[in-house]
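Commentary on secondary and tertiary structure
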Amino acid sequence: QVQLVESGGGLVQAGGSLRLSCAASGRTASSAGMGWFRQAPGKEREFVATISGSGGSTYYADSVKGRFTISRDNVKSTVYLQMNSLKAEDTAVYYCAARGVRTISAEMRGYDTWGQGTQVTVSS
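Residues numbered from 1 in each chain as written. Predicted model: local features only at pLDDT ≥ 70, side-chain atom pairs only at ≥ 80, totals over all residues. Heavy atoms only, no water.

Quick look at the nonpolar core
If you look at the biggest cluster of nonpolar residues, it comprises 33 residues, and the most contacted ones within it are Met 34, Trp 36, Leu 81, Met 83 and Tyr 94. Residue contributions to this core peak at five residues, all from strand S9 (residues 92–98). Beyond its immediate chain neighbours, meaning those up to four positions away, Tyr 94 contacts Glu 6, Leu 20, Trp 36, Phe 37, Arg 38, Val 48, Phe 68, Leu 81, Met 83, Gly 117, Thr 118 and Val 120. (Core = buried A, V, L, I, M, F, W, Y, C linked by side-chain atoms within 4.5 Å. Buried < 20%, exposed > 50% of the residue type's maximum accessible area, 1.4 Å probe, protein only. Helix = DSSP H or I, 4+ residues; strand = E, 2+ residues; numbered from the N terminus. Contact = heavy atoms within 4.5 Å.)

If you want it as structure tokens, here you go:
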């Protein structure tokens with residue numbers, strides 16, 4: 001079983017940057033496929049980015065492509081989400097999630113472990 005703890009959220013002005021971290025612990029923490037999702041007030045949770053266990057494969061939602069970068073450090077068992085050129089519509093609670101396999105997935109049902117979430121607020 002993997003446990004996940006997100007950090008790095010906060011308040012930033014439009015056009016600014018933030019880096020989210022997701023520290024994973026557990027037997028398969030360094031090899032699990034991982035993803036970031038977000039949920040804005042009154043909206044459904046949506047996919048943001050995913051990375052394979054090796055870090056060799058990534059995939060992004062169209063809304064963040066070119067602005068966000070997902071990466072991982074398997075020595076530290078940590079996954080990152082670098083967010084640049086932030087917009088007001090990026091405001092949401094961001095969740096880190098882990099899969100039971102090494103591959104990527106953009107589907108929520110593909111993940112079996114979730115973090116508690118971290119708030120990102122972008123002021124316009």
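Thoughts on unusual backbone geometry
A positive phi is found at Ser 77, a non-glycine position, where the angle reads about 50°. Here Ser 77 lies in the loop between strand S7 (68–73) and strand S8 (78–83). Residue class for Ser 77 comes out buried when judged on its relative accessible area of 17%. Phi at Ser 85 takes a positive value of approximately 50°, unusual for a residue other than glycine. Tracing the sequence through the fold places Ser 85 in the loop between S8 and S9.

So, the pairing of S9
For S9, the buried fraction is high: six of the seven residues fall into the buried class. Two strands pair when backbone bridges link them, and strand S4 (residues 34–39) and S9 are joined in this way by six bridges, in the antiparallel orientation. Within the sheet, the bridge partner assigned to Arg 38 lies in S9 and is Tyr 94. Looking at chain direction, S9 and strand S11 (residues 118–123) are connected through three bridges and run antiparallel. Along S11, the bridge assignment pairs Tyr 94 with Thr 118. Relative to strand S10 (residues 113–114), S9 is paired through two bridges, and the arrangement is antiparallel. Paired with Ala 97 across the strands is Trp 114, a residue of S10. (Pairing = 2+ DSSP bridges.)

Some thoughts on the state of the cysteines
Across all of its chains, the model carries one disulfide by this definition. The partner cysteine of Cys 22 in its disulfide is Cys 96, sulfur to sulfur 2.0 Å. Here the S-S torsion is close to -75°, and the disulfide linking Cys 22 with Cys 96 is therefore left-handed. Taken together, the residues span a long stretch of sequence, with Cys 22 in strand S3 (residues 18–25) and Cys 96 in strand S9 at a distance of 74 residues. Note on accessibility: Cys 22 and Cys 96 belong to one class, buried. (Disulfide = S-S within 2.5 Å.)

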